Amino acid sequence: MWDSRFWIFFILVLILAGVSAAIRKLRFIDVQIMIMIAALTMSCDMLFCKQYHLYNYVSTEYKGWYSFWANLIIIPALGLVFIKFIPKTLKGVAAYIAVWTALSTTFEILIAKPLGILIYSRWRIIPYSVIGYILVFTWEYAYYRILVRYYKKGS
């Protein structure tokens, strides 16, 4: 239940999110996005991991334990890092999403899978993760733009 691979990754992501929040001040909108990401990832994880058994985090025996921490802390923290450095132009955003998709997929292939942080029983990184990243990063950006628009109107 205390697999060092997972917890080292956990700590590194928290450090990365902390540095991002220090560089670009944490705002109310960022917290709202992290709450949305946690809710969405927990919902998706209930389907993909628990219901359909497509993947697990670190251990099949403790998959609920590791999924909980990944969905509550790790994935929202990575979402925070993503949103803190969003470019201003639409072309920049498209390139940014493409780069994040490529880096996230590469991370899964070269680090998460070989180190056993993620165990893929039926999930295929290519194409499922690639499609998922594009959809999720696009949706996160759209939600961010909606929040920015309505937050400014209310101020």
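Quick summary incoming for the structure in this document. Along every chain, residues carry numbers that run from 1 in the direction the sequence is written. Only residues with pLDDT of 70 or above have their local features reported here, since the model is predicted, and side-chain atom pairs are shown and tallied only from 80 upward, although totals for entire chains, interfaces and linings are computed over all residues. Neither water nor hydrogens contribute to the side-chain values; these are computed over all heavy atoms in the structure.

### Observations concerning the side chain of Asn56
Link 1 in the chain: Working definition: helices are DSSP H or I runs of at least four residues, strands are E runs of at least two. Numbering for both runs from the N terminus. Relative to the elements of secondary structure, Asn56 occurs in strand β1 (residues 55–57).
Link 2 in the chain: The buried label goes to any residue with under 20% of its type's maximum accessible area, the exposed label to any with over 50%, and the partly exposed label to all in between, with areas taken from a 1.4 Å probe on protein chains only. A relative accessible area of 8% means that Asn56 is categorised as buried.
Link 3 in the chain: Only 3.3 Å separates the side chain of Asn56 from the side chain of Thr60, close enough to count as a polar contact.
Link 4 in the chain: In what follows, residue pairs with any heavy atoms lying within 4.5 Å of each other are defined as contacts. Leave out the neighbours within four places in its chain, and Asn56 touches Cys49, Lys63, Ile117, Leu118 and Ile119. Polar contact is the term for a pair of N or O atoms within 3.5 Å; when the atoms are in protein, one must be able to donate a hydrogen and the other to accept it, and sequence-neighboring residues count only if both atoms are side-chain atoms.

### A look at the packing of aromatic side chains
Link 1 in the chain: Only Phe, Tyr and Trp rings are paired, with Trp represented by its six-membered ring, and only when their centres lie within 6.5 Å; those with planes under 30 degrees apart are stacked, over 60 edge-to-face, the remainder tilted. Inspection of the entire model under this criterion finds 23 aromatic pairs.
Link 2 in the chain: Among the aromatic residues, those joined into a ring-pair cluster are Trp2, Phe6, Trp7, Phe10, Trp65, Tyr66, Phe68 and Trp69.

### Regarding helix α4 (residues 90–115)
Link 1 in the chain: To estimate how far a helix should reach, multiply one less than its number of residues by 1.5 Å. The terminal C-alpha atoms of α4, which comprises 26 residues, lie 36 Å apart, in line with the 38 Å expected from a rise of 1.5 Å per residue.
Link 2 in the chain: Along α4, the helix axis deviates most sharply at Glu108, where the bend reaches about 40°.
Link 3 in the chain: Just beyond α4, the residue with positive phi is Gly116, at close to 80°. To get the bend at a given residue, fit one axis to the seven residues ending there, fit another to the seven starting there, and take the angle between those axes.

### A word on the state of the cysteines
Link 1 in the chain: The rule for a disulfide is simple: a pair of cysteine sulfur atoms within 2.5 Å. With the rule as written, the count across this model stands at 0 disulfides.
Link 2 in the chain: With no disulfide of its own, Cys44 lies closest to Cys49 among cysteine sulfurs, the gap being 12 Å.
Link 3 in the chain: A relative accessible area of 28% means that Cys44 is categorised as partly exposed.
Link 4 in the chain: According to the relative accessible area criterion, Cys49 is buried, its value standing at 0%.

### Re unusual backbone geometry
Link 1 in the chain: The peptide bond linking Ile126 to Pro127 adopts the cis configuration, its omega dihedral lying at 20°.
Link 2 in the chain: Relative to the elements of secondary structure, Pro127 occurs in helix α5 (residues 125–154).
Link 3 in the chain: For His53, which is not glycine, the phi dihedral falls at a positive 55°.
Link 4 in the chain: By the element assignment, His53 lies in the loop between α2 (28–51) and β1.
Link 5 in the chain: Note on His53: relative accessible area 42%, which makes it partly exposed.
Link 6 in the chain: Its identity as a non-glycine residue notwithstanding, Val58 has a phi of 60°, on the positive side.
Link 7 in the chain: Mapped onto the elements of the fold, Val58 is located in the loop between β1 and α3 (63–84).
Link 8 in the chain: The buried category is assigned to Val58, whose relative accessible area is 8%.

Spatial relationships are all this shows, so hold off on functional conclusions.
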